[in-house]
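So the chains spell out like this:
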Amino acid sequence: MKLPSPFLVLAPMDDVTDVVFRQVVEACAPPDVYFTEFVNVDGLQSVGRDKLLPRLLLEKTSKPVIAQIWGKNPENFYKTTSELQAMGFAGVDINFGCPDKTVVKNNTCSAMIKPENRETAVEIVRAVKRGAGNSFPVSVKTRLGFSEVDFSWHELLLQQNIDMLTVHLRTRSEMSKVPARWDMAPELLSIRDRVAPDTKIVGNGDVLNREHAEKLVHEYGVDGVMIGRGIFHDPFCFSEQSPWVSYTKDEKLALFRKHLGLYQDTWTNGERRFETIRKFAKIYVNGFEGAAELRAQVMVCATPEEVLDAIA
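The notes below deal with the structure included here. Since this is a predicted model, take the numbers as computed values, not measurements.

### Considerations on the overall build of the protein
Within the protein, the secondary structure is distributed over 14 helices and eight strands. Taking 312 residues into account, the globule formula puts the C-alpha radius of gyration at 20 Å, and the protein, at 19 Å, falls close to it. With respect to the three principal axes, the spread of C-alpha positions in the protein is 55 × 50 × 35 Å. In the protein, which comprises 312 residues, the share counted as buried stands at 54%. Relative to all contacts within the protein whose residues are 6 or more apart in sequence, the contacts with residues 24 or more apart total 70%. Once the 38 positive and 42 negative side-chain charges of the protein are each reduced to a mean point, those two points are 3 Å apart.

What follows is the structure in structure tokens.
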């Protein structure tokens, strides 16, 4: 997978970066790499598989799509990685960063940063690499540490010869309560240069748009930048010159209608909960007179049809 230098990535976000929203972003301004929502491998390799497969629905895009997975059982990581190749994904990413209390309590995702779980974490990475073979890129997304910054964790991951390491520049304990600590990036790069010089380092946290990302690359030297919540401020955030600031109410609502239409066309049998679509109102129903009132109407709608009526 060839990427520009630097490259920009759409972050994996639960109930956000599904096949529908990726198509919206593609039409506005695509990143250099897409990530899916994170998908549980233990669920995929169980009787609950069919409920999770919609998260791995893959569309044709101009840029590569990487599937992000999480879980506990290394063998299920191996099996899932083998399947992802057949599905047509461009690579696989292991979620060692989600700070959610439930997943941490279950010793998954960011809980893998804890010293007592690192042996399992290494087993998982090795299982994924075994499933990936020689030509399917393997990456990891994680945080600066669990309760405090701990670069021994990143060194351990880099020793596994992964293709890319994305670091959300906060610890798990910090969640998103403090500004992202971009000043930590140079130390990550120093470790990379010493341990695994071919691994790409991607920074993540508080990035608004392409211009902001390019400034961070210039200042800190990372290979790529991942944008997450910035997309909620501007669906054109990956563009060189975003037109969003000049979009009228009618133009914003037209894009919302397009999103709703894609949702209706894609999830014809109720595969995705409608509640997931309401969170997008903060993108489209914003920045014009009466937006707050209209957004309140959208948030109590129960169907796409009701939203379409509200924004007509």
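Still more ground to cover, so stick around.
### So, the packing of helix H1 (residues 19-28) against helix H10 (residues 249-266)
Two numbers describe how H1 lies on H10: the axes approach to 9 Å, and their chain directions differ by 140 degrees. The angle between the axes of H1 and H10 places the two elements in the oblique class. As H1 packs across H10, the resulting crossing turns out to be right-handed. Here H1 contributes Val-19, Val-20, Phe-21, Gln-23, Val-24, Ala-27 and Cys-28 to the contact with H10, which in turn contributes Leu-255, Lys-258, His-259, Leu-262, Tyr-263 and Thr-266. Of the residues in the contact of H1 with H10, the class split is nine nonpolar, three polar and one charged.

### What to know about the pairing of strand S6 (residues 164-168)
Walk down a regular strand and you will see the side chains alternate between the two sheet faces. Counted residue by residue, S6 has five buried out of five residues, so it is predominantly covered. Pairing of strand S5 (residues 138-143) with S6 involves five bridges; the strand directions are parallel. When the sheet's bridge partners are listed, Arg-143 is paired in S6 with His-168. Taking the sense of rotation as the criterion, the β-α-β connection linking S5, helix H7 (residues 151-158) and S6 turns out right-handed. Of the strand pairs in this sheet, S6 and strand S7 (residues 200-204) are connected by five bridges, and their pairing is parallel. Of the residues in S7, the one forming a bridge with Thr-166 is Val-202. As for the winding sense of the linkage, the β-α-β connection from S6 through helix H8 (residues 185-195) to S7 is right-handed.

### Thoughts on the sheet that holds S5
Reading around the barrel, the eight strands line up as S1-S2-S3-S4-S5-S6-S7-S8 and close back on themselves, with parallel pairing between neighbours. Here the average twist between neighbouring strands, direction ignored, is 25 degrees. Pairing of strand S1 (residues 7-10) with strand S2 (residues 33-40) involves two bridges; the strand directions are parallel. By the bridge assignment for S2, Leu-10 is matched with Tyr-34. Contacts from H7 reach S5, S6 and S7 within the one sheet, and its direction differs from that of S5 by about 175 degrees.

Conventions used here
- Residues numbered from 1 in each chain as written.
- Predicted model: local features only at pLDDT ≥ 70, side-chain atom pairs only at ≥ 80, totals over all residues.
- Heavy atoms only, no water.
- Helix = DSSP H or I, 4+ residues; strand = E, 2+ residues; numbered from the N terminus.
- Rg over C-alpha atoms; globule rule 2.2 N^0.38 Å.
- Buried < 20%, exposed > 50% of the residue type's maximum accessible area, 1.4 Å probe, protein only.
- Contact = heavy atoms within 4.5 Å.
- Lys, Arg positive; Asp, Glu negative; His and termini not counted.
- Charge placed at Lys NZ, Arg CZ, Asp CG, Glu CD.
- Axes fitted to C-alpha atoms, helices over the stretch in contact; angles between N-to-C directions.
- Parallel < 35°, antiparallel > 145°, perpendicular 65-115°, else oblique.
- Left-handed = near helix turned anticlockwise from the far one by under 90°.
- Nonpolar A, V, L, I, M, F, W, Y, C, P; charged D, E, K, R; others polar.
- Pairing = 2+ DSSP bridges.
- Right-handed = clockwise from strand over helix to strand, strands pointing away.

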